[in-house]
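Geometric and topological summary
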Amino acid sequence: QVQLVESGGGLVQAGGSLRLSCAASGRTFSNYAMAWFRQAPGKEREFVGAVSWNGGSTVYADSVKGRFTISRDNTENTVSLQMNSLKPEDTAVYYCAASRLYGSVRRASYDWWGQGTQVTVSS
């Protein structure tokens, strides 16, 4: 079992930045590719981006490409999401998730999920 706990959400003005963190415990963190998803009110949970097991590869949704950056630290068992140039449409609950597969956009590919952290971007 892998336990994931997100932090760092909050309220920010459009154009601002936030950094989310996800702390992992349990099974060997480096065995898992990690991803961030988000879910806005009334919408499906959607893929934001993912990072490979050793952090060497990343992939992003088109909607965040060039603005968001995912990184991981396998010595600290953490994964981060740096969000810049935030827009009101980025408002959502953000979740980190762990999978044996790297880069899948499908929720079903992910075995473990955090509880989510709210990000609100005001216009």
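As a convention, each chain's residues are numbered from 1 in the sequence order in which they are written. Where local features are concerned, this predicted model is filtered to residues with pLDDT of at least 70; where side-chain atom pairs are given and counted, the filter is 80 or more; whole-chain, interface and lining totals use all residues. Processing note: side-chain calculations cover all non-hydrogen atoms of the structure and skip hydrogens and water entirely.

Moving on, we come to the pattern of salt bridges. In what follows, salt bridge is the name for a side-chain nitrogen of Lys or Arg lying within 4 Å of a carboxyl oxygen of Asp or Glu. Summed over all chains, the structure comprises four salt bridges. Glu46 serves as the salt-bridge partner of Arg38, at 2.6 Å between the closest nitrogen and oxygen. We call a residue buried when its accessible area falls under 20% of the maximum for its residue type, exposed when it is over 50%, and partly exposed in between, using a 1.4 Å probe and counting protein chains only. A relative accessible area of 5% places Arg38 in the buried class. A salt bridge links Asp90 to Arg67, with the shortest nitrogen-to-oxygen separation between them at 2.7 Å. With a gap of 23 residues between them, Asp90 in the loop between strand 8 (78-83) and strand 9 (92-99) and Arg67 in the loop between strand 6 (58-60) and strand 7 (68-73) connect regions that are remote in the sequence. Across the pair, exposure class does not vary: Asp90 and Arg67 are buried alike. Salt bridges sharing common partners tie together Arg38, Glu46, Arg67 and Asp90. Note on conventions: DSSP H or I runs of at least 4 residues are helices, E runs of at least 2 residues are strands, and numbering of each starts at the N terminus.

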